[in-house]
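Per-entry structural report
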Amino acid sequence: MQKLFEAAGYEVAEKISEADVVVVNTCTVTAVSSQKSRQMIRRAAGKNCVLAVVGCYAQSEPDEISKIDGVDVIIGTKDRLRIVELVEAAIKSREKIFQVGSVDDIREFEELPHSPHRTRAFLKIEDGCNNFCAYCIIPYVRGRVRSRSLESIRAECLTLKAAGYKEIVLTGIHIGAYGRDLSGKISLVDAIKTVLDAANPLRLRLGSIESAEMTDELIDLLKNDGRICNHVHLPLQSGSDEILRAMRRPYTTEKFSELTARLIREVPEISIGTDLIVGFPGETEENFSETLKFIEEQPFSKIHVFPYSARAGTLAATLPNQIPPQIKKSRASQALEISRAKAESFSKRLIGKTVEIIAETSVGGFVDGLTKNYVRVYVPDENIQLGEVVKVKIERLHKDGVLGVRS
Ligand code: SF4
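Residues numbered from 1 in each chain as written. Predicted model: local features only at pLDDT ≥ 70, side-chain atom pairs only at ≥ 80, totals over all residues. Heavy atoms only, no water.

Counting its regular elements, the protein contains 13 helices and 17 strands. On C-alpha atoms alone, the protein measures out to a radius of gyration of 22 Å, which is about the 22 Å that the 2.2 N^0.38 rule sets for 407 residues. Overall, the protein is about 65 × 55 × 50 Å in size when its C-alpha atoms are taken along their principal axes. By the burial criterion, 51% of the 407 residues in the protein qualify as buried. Counted over contacts in the protein with a minimum sequence separation of 6, partners at least 24 positions apart contribute 69%. (Helix = DSSP H or I, 4+ residues; strand = E, 2+ residues; numbered from the N terminus. Rg over C-alpha atoms; globule rule 2.2 N^0.38 Å. Buried < 20%, exposed > 50% of the residue type's maximum accessible area, 1.4 Å probe, protein only. Contact = heavy atoms within 4.5 Å.)

Shown next, in the form of structure tokens:
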């Protein structure tokens, strides 16, 4: 959306107080994200600007948002391409614009330009999800799967190549479902091959992917093409088969662990991240113990832990045996403890080795960047240029990653 405004002649203001237009792009995946979205809206609402609220929270709670004084434009998860036009219409008419329609019938991929980042380009190839996991609000606010065409991916990749991006991250809501809505037998593997061919990036990173969608063909590509990062994010959500069934997740812990064992065996130095929900309705102490045992055994390098958050309209929000907040909190901290230990032990393995990073940020005399397998590396060297590919000899653990010197 920033790019759309820039194309229309707008400039990015440094502070909210200097802006004529403020866009708050919202999230509603958990109660906390909705709350943060509301805080951001309120923070901007008192300012002397046109305020547009966009995205998933706007899609799910437009009436709540319209009660906040100072909101001029509300756009859900479709029609974001029209943001400039709708904001300008609000300026002209001095009236509130409400553009929130049903997402159930969207079939076309909305081609917003890629999100700019200093070193990585986030290339969105898919939107929406058909899975309806019991806890998840996403299919209700984003609609069904729609995939970007291979031609459009190719065209965007040529732009990214010309802009000099060294790393491309493929994103989407459910990228494993890529191609299901397109004619012909097109899959995520075709999207990846198109990116590799058109952009020829130094690195291609995959966004979060469902374990059940890691096909043989995809694993072979991961193994055999050195440009694809040896890092995957496979959402587990629970280590109890009973809870996985209640969540309507399409795999068992056995299938999941077969996959992670295979990835560790076949892809050198791969890092495997995951998401975990604790305190799903009906999760007993026994179910949770199974989860702790399972995540302890799994070769994860990082676990994102979420206390279950009831989202109105989902199946899980209607289930009995909702877990009290203090139990969810305690379970989350036990799981996080395991995550911390696993992240540390994964990072420790790099000590003494030389790794390659793409310098990404420079703060307080340190430059940092990621390894291919997603460990953050800090280098106390201000002469490194952002975007530069640097070889670093790792010396010790540091902050959320490791520290080393240029080798
Ligand atoms: S697959 Fe992911 S996005 Fe889709 S419903 Fe399940 S958790 Fe939500």
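Let us look at the side chain of Thr-119. Locating Thr-119 in the fold gives a position in the loop between strand S4 (97–99) and strand S5 (120–124). With residues near it in sequence (within four places) discarded, Thr-119 still touches Tyr-165, Lys-166, Glu-167, Ile-358, Ala-359, Glu-360 and Gly-387.

Looking at the ligand, the residues that line it are Cys-129, Asn-131, Phe-132, Cys-133, Tyr-135, Cys-136, Ile-138, Pro-139, Ile-173, Glu-210 and Arg-249. Residues of the shell around the ligand, tallied by class, amount to 8 nonpolar, 1 polar and 2 charged. (Near = heavy atom within 4 Å. Nonpolar A, V, L, I, M, F, W, Y, C, P; charged D, E, K, R; others polar.)

Our next topic: the domain arrangement of the protein. On domain assignment, one finds that the protein holds domain 1 (2–99), domain 2 (103–229) and domain 3 (354–406). Measuring from the centre of the C-alpha atoms in domain 1 to the corresponding centre in domain 3 gives 36 Å. (Domains from an automatic or database assignment.)

Another aspect to go through is the sheet that holds strand S1 (residues 21–26). The strand order across the open sheet formed by 4 strands is S1-S2-S3-S4, and the pairing between neighbours is parallel. Looking at strand neighbours, the two that pair on one side only are S1 and S4, the edges of this open sheet. Averaged over all pairs of adjacent strands, the angle between their axes in this sheet comes to 10°, without regard to strand direction. Across 3 bridges, the pairing between strand S3 (residues 73–75) and S4 is parallel. Looking across to S4, one finds that Val-73 is bridged to Ile-97. Seen against the sheet, helix H2 (residues 31–45) touches S1 and strand S2 (50–55) and runs at an angle of roughly 170° to S1. (Pairing = 2+ DSSP bridges. Axes fitted to C-alpha atoms, helices over the stretch in contact; angles between N-to-C directions.)

All right, on to the packing of aromatic side chains then. Enumeration over the complete set of coordinates arrives at 6 aromatic pairs. Cluster of aromatic residues (ring-pair linked, three or more members): Tyr-251, Phe-256, Phe-294 and Phe-300. (Phe/Tyr/Trp six-rings, centres within 6.5 Å; stacked < 30°, edge-to-face > 60°.)

Counted under the stated rule, the structure contains 30 salt bridges. In this structure, the salt-bridge partner of Glu-283 is Arg-331, at a minimum N-O distance of 2.8 Å. On the criterion of sequence distance, the pair formed by Glu-283 in the loop between strand S11 (271–278) and helix H12 (285–297) and Arg-331 in helix H13 (residues 325–348) is long-range, its members being 48 residues apart. Given the relative accessible area of 2%, Glu-283 is considered buried. Residue classification places Arg-331 among the buried residues on the basis of a relative accessible area of 4%. Note that Glu-360 is salt-bridged to Arg-376, the shortest N-O span being 3.4 Å. Here Glu-360, found in strand S13 (residues 354–363), pairs with Arg-376, found in strand S15 (residues 376–379); they are 16 residues apart in sequence, far enough to count as distant. What makes Glu-360 buried here is its relative accessible area of 7%. Because the salt bridges share partners, they merge into one network encompassing Arg-80, Glu-110, Lys-124, Asp-127, Arg-142 and Arg-146. (Salt bridge = Lys/Arg side-chain N within 4 Å of Asp/Glu carboxyl O.)

So, about the pairing of S2. Within S2, 6 of the 6 residues are buried, which leaves the element mostly enclosed by the surrounding structure. Between the parallel elements S1 and S2, the chain passes through H2 in a crossover that is right-handed. (Right-handed = clockwise from strand over helix to strand, strands pointing away.)

Before going further, it helps to spend a moment on the sheet that holds strand S14 (residues 366–370). Strand order in the closed barrel made by the 5 strands is S13-S14-S15-S17-S16, with mixed pairing throughout. On average, adjacent strands in this sheet sit at an angle of 50° to one another, irrespective of strand direction. Across 6 bridges, the pairing between strand S16 (residues 389–398) and strand S17 (residues 401–406) is antiparallel. Of the residues in S17, the one forming a bridge with Arg-396 is Leu-403.

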